[in-house]
Amino acid sequence: MIKEDIRNFLPADVPEEMEKSFLENFEKTTNGSGRLMLFAGDQKVEHLNNDFYGPDIPGEDNDPEHLFRIAKAAKIGVFATQFGLISRYARDYKDVPYLVKLNSKTNLVPYDAKDPYSQQWFDVEDVVRFRDSSGLDIRGVGYTVYLGGEHEHSMLREAARIVHEAHLRGMLAVLWMYPKGPFVKNQHDPHLIAGAAGVAACLGADFAKVKVPYDQEGAFVPELLREATTAAGRTGVLCEGGSKMDEEAFLRELHEQIHIGGSRGNGTGRNIHQRPLEEAVKMADAIYAITCENKGVKEALEILNK
Amino acid sequence: MIKEDIRNFLPADVPEEMEKSFLENFEKTTNGSGRLMLFAGDQKVEHLNNDFYGPDIPGEDNDPEHLFRIAKAAKIGVFATQFGLISRYARDYKDVPYLVKLNSKTNLVPYDAKDPYSQQWFDVEDVVRFRDSSGLDIRGVGYTVYLGGEHEHSMLREAARIVHEAHLRGMLAVLWMYPKGPFVKNQHDPHLIAGAAGVAACLGADFAKVKVPYDQEGAFVPELLREATTAAGRTGVLCEGGSKMDEEAFLRELHEQIHIGGSRGNGTGRNIHQRPLEEAVKMADAIYAITCENKGVKEALEILNK
Amino acid sequence: MIKEDIRNFLPADVPEEMEKSFLENFEKTTNGSGRLMLFAGDQKVEHLNNDFYGPDIPGEDNDPEHLFRIAKAAKIGVFATQFGLISRYARDYKDVPYLVKLNSKTNLVPYDAKDPYSQQWFDVEDVVRFRDSSGLDIRGVGYTVYLGGEHEHSMLREAARIVHEAHLRGMLAVLWMYPKGPFVKNQHDPHLIAGAAGVAACLGADFAKVKVPYDQEGAFVPELLREATTAAGRTGVLCEGGSKMDEEAFLRELHEQIHIGGSRGNGTGRNIHQRPLEEAVKMADAIYAITCENKGVKEALEILNK
Amino acid sequence: MIKEDIRNFLPADVPEEMEKSFLENFEKTTNGSGRLMLFAGDQKVEHLNNDFYGPDIPGEDNDPEHLFRIAKAAKIGVFATQFGLISRYARDYKDVPYLVKLNSKTNLVPYDAKDPYSQQWFDVEDVVRFRDSSGLDIRGVGYTVYLGGEHEHSMLREAARIVHEAHLRGMLAVLWMYPKGPFVKNQHDPHLIAGAAGVAACLGADFAKVKVPYDQEGAFVPELLREATTAAGRTGVLCEGGSKMDEEAFLRELHEQIHIGGSRGNGTGRNIHQRPLEEAVKMADAIYAITCENKGVKEALEILNK
Amino acid sequence: MIKEDIRNFLPADVPEEMEKSFLENFEKTTNGSGRLMLFAGDQKVEHLNNDFYGPDIPGEDNDPEHLFRIAKAAKIGVFATQFGLISRYARDYKDVPYLVKLNSKTNLVPYDAKDPYSQQWFDVEDVVRFRDSSGLDIRGVGYTVYLGGEHEHSMLREAARIVHEAHLRGMLAVLWMYPKGPFVKNQHDPHLIAGAAGVAACLGADFAKVKVPYDQEGAFVPELLREATTAAGRTGVLCEGGSKMDEEAFLRELHEQIHIGGSRGNGTGRNIHQRPLEEAVKMADAIYAITCENKGVKEALEILNK
């Protein structure tokens, strides 16, 4: 039985025969909260091996199965990663809720050397067929949009179509919205982030992952998020987790993003997987508690320290 | 019962079985006047959040639902915005007459840094399917053409096909015609605007939105519009609303555009939505009165001051 | 009953079931002469409003309907213009013989600033469907090829396919053949024009519109055309009408092009439409008389002075 | 009845039901010799009118029908020219064995100014349909590959597909293999030519037309061909005929190419068509005698002097 | 009967009806070892004729049939080469296990002059049809990905789709993973190689061929491979064979790559084919013994010296 207010998240391009699928998908994935805890695991392409191997990273993180072990043991909304990586492990991780990231690029070419283009690898139909033939629990699709460069037009087109095609099939669509290129002076500018969030709304996304806004001293101030979360309208804003930081600070910030800034979730990778399995699972559970179970920071910390 | 002279607006590529749909659509949308009041709401991509948040803009304009509230409460021809934004709100705004803007780009890259390309996001068939599955009142499609740059050929091709495909399905097609790039010295040159309007006619558009022509001192002179409105032939010229200005001056100018310049409507965004809801609705109603109800400036001002 | 020698103009890629259509089409369009009088009306895109509005141009030429009025009242082979413009007027001009110009570009970017690309807007199939659903008398399709630039490969491919697809459907194909770009020193070089005409033959065109050749003093000499008209083989060479000139000189030159130079027609726009309706019709009739009715200059001048 | 050793030339991608067609096609075209005499007639695009009109060229060569007259009267393997040119004459030249050259470019842009791209105009399926609807004797398809430039990837892809699709339909595939661009210092380097011939083998071509190798003094030495003819494996190497030269020297060189260098034929254009019809036919017959009838130079000269 | 642990290599995008085909294919190709001995024969395009003709290369290597003779006589996992080359010889080499390399480029343009793009020539469906119509023993497909350049997005997309489409048809997919371009300072950097191997995992590849890692003195150290072989997860890492070297050193290194570095095979070309047939076959057999038969270096050397 779908809660009545979940229907507010139902886009008009979901056809009647798919409404139930979409709504059940949405309710289950957000735990009925309307908020999404996205466990981001697409960095093996985006950052090559930098996030998985190095002095402060536990050895087990270098094995891609680490991500699947976390995704299986922890409470998460979705585990977002590439189609191919899912295909290599998912027979042993059937119950993980997946979101297929449809594009990715490496970090070999710096953003200031060339405008980035991360092209779509698969169509939504490929994902649907994969889901149906494998029996996997694939909930949605994701796509990164780089605004401001010479490939913006290709990416806007791909994004708009992906969102719509996902809706046609009852799936969720999440967009990563990142202005880049020589005319973007400050990626953490609250007004720019609000612009990017508004574009995601015009693309029809269910959720949009954005950078966190900073004030002029470069500090995160949750109130600054409100321009973006308002401009995004019915598209939920997810804050990027970013590089690894202190657990308590992370959880406190997350709580403020939601309850002061108006965000509707988060996309976190390194702050989860750059820990040994058991710690990583607890961290994911704590993030989930705040995001989708309406818990406070104190309760989340208790999960962490169990 | 379609008025006889409305048939003059029926293009030959509307097939026989769609003639009635097209004509009813046209008559209803223009209130039988042959003129279009287009409420432009595509700026969340085109201008990011600049038009929706700032010192002189009411806070409610930052929420995209503001646009839908206006479109629902006011008299308008069509509300033009992106497919995705429509999909997020239209279940609660079923009676709004929509026009789906099929392309959009952000303003991050300046026009003088790179020739603009705003690629088509959706096909007319996607819009038709959306209309039919959702039951929304979608009347037409829109597309921006940037003339004069390295992507002109792609945009002319997309525009020509969109107009034709809209006609095949009985829908209206509106083109935004903007010469851009290093060889365009003055966007408000009456002769250049007439050229752009003529291109729209060769593309078969029902309406073409253009810049307003200025004289050599940079002042709007309605007589200067006549070159363009004649060159456009049976394609109706819509004048761009531009940035927010004094209400009375705006309405007076609109009246002159139509009755002296020969325009057949207008496309107005900021001059409507950058006001609190009630004022915005009155402004839209006043614009509609002049455009589609043959009212004078005085009557329009009465609506505004009700 | 098709005249026997008209069969010489039947290309081998017209399938058997379309031979009759093609031949009747060809015979009717050339008045059985094998020569084509093409009334060129694609300049509203190619030259923006320059050819239609200005000090020496009658006011009525600014209204696109002027072209249709001429095409209806005059004797012509075909009226060549864009699909969209035809769609806006053709319900009132059903009997005009049309040729749909499938590509066009504006003149905003100079040829020496960027190699031109005028992309195909519609497929031959779109034209066939339009013809059949509207009942219009569409005889063929046209396409401009710019040789010598970075887009030559795209344009050669589009041209070759358009010609073949037109033949598959029994329609005529006319190519505008224009070498352009930094390596083209003299567009009026007879040898270069012969090369362009030969390319049109290799593309299978029924007719090819080319520049007129000049001698080293820049004067037109009809004998210089023979290299091109021979090199074009069975593809008929049409000489470009160019900018408006004295009527008698124009008609004399046309007669020499055909009877000395071996051309098989002409493509004329400005020399017709930049006149008031009645004069324009007479000029078109005079051109037609020389081109398709085997009349001499004197007889043509009589038509003009009637 | 196909000779047994002809089966060695049967590629594995010819499907069983097409084996007989391919083998008969191959045997007939090579006169059972496994060697191909290709009459090259694609220069009207490749060289514009330079090869057909000028001080040392007979006037009749300017008429494209000259090529067809030669092809009809002479012994040849195939007459290679563009689809469109075939379409204009072939109704009167039904018995000529044709090879459709699927791409071509003009020589307006020098190779050192811009990397060449000669895009495919037609698909093999278009050729098959043309062959079947017209009843013409079309034996195969041809395509030029420019190695070493920015479009190499597009051309390799098109070439590979064309060869395979020709085989699927029982047709021969000939590739023109020309390294070009700033990194190609010497087009006549034997090692480079061997590389190009090896690429043709990897593309699956039946025959590959290459430049002739020169020694360090720029002289043709037939032994230098052996690296290429060996590297090409089962793909037959055709030497380019090049610009017109003394008949006896030409025929002697051709004989050495085959019997010392190991080539399997030649592609000759100017050395044939830049002569009056009767002489051209004799020259073609002499070339054919050496290539496909195992005649010596003396016998070939007798044909020439008949 | 498939061994149980072979099922670990079964990707989730192999549909149920293809599981048996895939697993049998995998088991047979790896001799049940999970390791692949890939005989690389794609250099005729990649290096033109450099690897096949020269002072230290036996004359027979210039004939492409040399590769097929080796592939037939030796123990190998797969012989990887281009579709077209297979088509020219495979009727006489029906029992060779083939892997079709789907893209290739020449070495004419240096990597530092232009970012490389090696475009896909054929679709997996073309390969399947070829396999089925010819009865050849085609086991899989291969594709080279150049990371770090302006065409990375096209290549990632093609690679992702090829891997998935191969799995849909029960075939193996091998990726060559090579970071290139101005931002790649050291191709033998272990961390970079691990990144590339991780990308292959995200693309879903069964095997990924990479450069061998060097330490800071430029020496191969097998322990350095472990970062990459771990990061690749269930995707098997194949080390590139590289240029020809001493047999014993080669075999020792191969053994260390597998047993210390964790690689799952190798891709070797020049170290095999740049030898007379008999020696080449022994070398291939020795490599196969270590890779797929769990033999030690001593046993492999015995094969070599038989």
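Below, the structure is looked at part by part. (Residues numbered from 1 in each chain as written. Chains lettered and ligands numbered in written order. Predicted model: local features only at pLDDT ≥ 70, side-chain atom pairs only at ≥ 80, totals over all residues. Heavy atoms only, no water.)

**Regarding the relation of the copies chain C and chain D**
Then step 1. Least-squares fitting of chain C to chain D yields an RMSD of 0.0 Å, with the superposition described by an axial translation of 0.0 Å and a rotation of 72°. Here the transformation between the copies is reduced to the relation of a five-fold axis. The C-alpha atom lying nearest the rotation axis in chain C is that of Glu150 of chain C; the distance is 10 Å. (Least-squares fit on C-alpha atoms with pLDDT ≥ 70 in both.)

**Considerations on the sheet that holds strand β5 (residues 172-179) of chain B**
Residue and element names in this part refer to chain B.
Then step 1. Strand order in the closed barrel formed by eight strands is β1-β2-β3-β4-β5-β6-β7-β8, and the pairing between neighbours is parallel. Pairwise comparison of adjacent strand axes, ignoring direction, gives a mean angle of 25° for this sheet.
Then step 2. Strands β1 (36-40), β2 (78-82), β4 (138-147), β5 and β6 (207-210) of the sheet are contacted by helix α1 (residues 19-29), whose axis makes an angle of about 60° with β5.
Then step 3. Packing against the sheet, helix α6 (residues 152-168) makes contact with β4 and β5, and its axis sits at approximately 160° to β4. (Pairing = 2+ DSSP bridges. Helix = DSSP H or I, 4+ residues; strand = E, 2+ residues; numbered from the N terminus. Axes fitted to C-alpha atoms, helices over the stretch in contact; angles between N-to-C directions. Contact = heavy atoms within 4.5 Å.)

**Details of the arrangement of the chains**
Then step 1. Without any contact between them, chain A and chain D keep their closest C-alpha atoms 18 Å apart.
Then step 2. In this structure chain C stays clear of chain E, and the shortest span between their C-alpha atoms is 18 Å.

**Thoughts on the interface of chain C and chain D**
Then step 1. Facing 45 residues of chain C, the contacting portion of chain D comprises 38 residues.
Then step 2. Interface of chain C and chain D: buried area, both sides summed, is about 3500 Å²; carbon and sulfur atoms make up 59% of it.
Then step 3. It is Ala12, Cys202 and Arg234 of chain C in chain C that bury the most area against chain D; as a group they hold 21% of the surface buried on that side.
Then step 4. Where chain C meets chain D, there are five salt bridges.
Then step 5. As a salt-bridge pair, Glu19 of chain C and Arg91 of chain D come within 3.1 Å of each other at their nearest N and O atoms.
Then step 6. The interface formed by chain C and chain D includes 25 residue pairs in polar contact (both at pLDDT 80 or more). (Buried area = accessible area lost by both parts, 1.4 Å probe. Salt bridge = Lys/Arg side-chain N within 4 Å of Asp/Glu carboxyl O. Polar contact = N/O pair within 3.5 Å; in protein donor to acceptor, adjacent residues only side chain to side chain.)

**Digging into the pairing of strand β2 (residues 78-82) of chain D**
Residue and element names in this part refer to chain D.
Then step 1. Counted residue by residue, β2 has five buried out of five residues, so it is predominantly covered.
Then step 2. Pairing geometry for strand β1 (residues 36-40) and β2, over three bridges, is parallel. Among the inter-strand pairings, Leu38 is bridged to a residue of β2, identified as Val78.
Then step 3. Looking at chain direction, β2 and strand β3 (residues 98-101) are connected through four bridges and run parallel. Bridge pairing in β3 places Thr81 opposite Val100. (Buried < 20%, exposed > 50% of the residue type's maximum accessible area, 1.4 Å probe, protein only.)

**Describing the environment of Val128 of chain B**
Residue and element names in this part refer to chain B.
Then step 1. Counting through the fold element by element, Val128 comes out in helix α5 (residues 124-134).
Then step 2. Residue Val128 is classed as buried on the basis of its relative accessible area of 2%.
Then step 3. For Val128 and Glu24, which are 104 residues apart along the polypeptide, the C-alpha to C-alpha distance reads 17 Å.
Then step 4. Not counting residues up to four positions away in its chain, the partners in contact with Val128 are Arg169 and Met171.

Just geometry here; none of it tells us what the structure is for.
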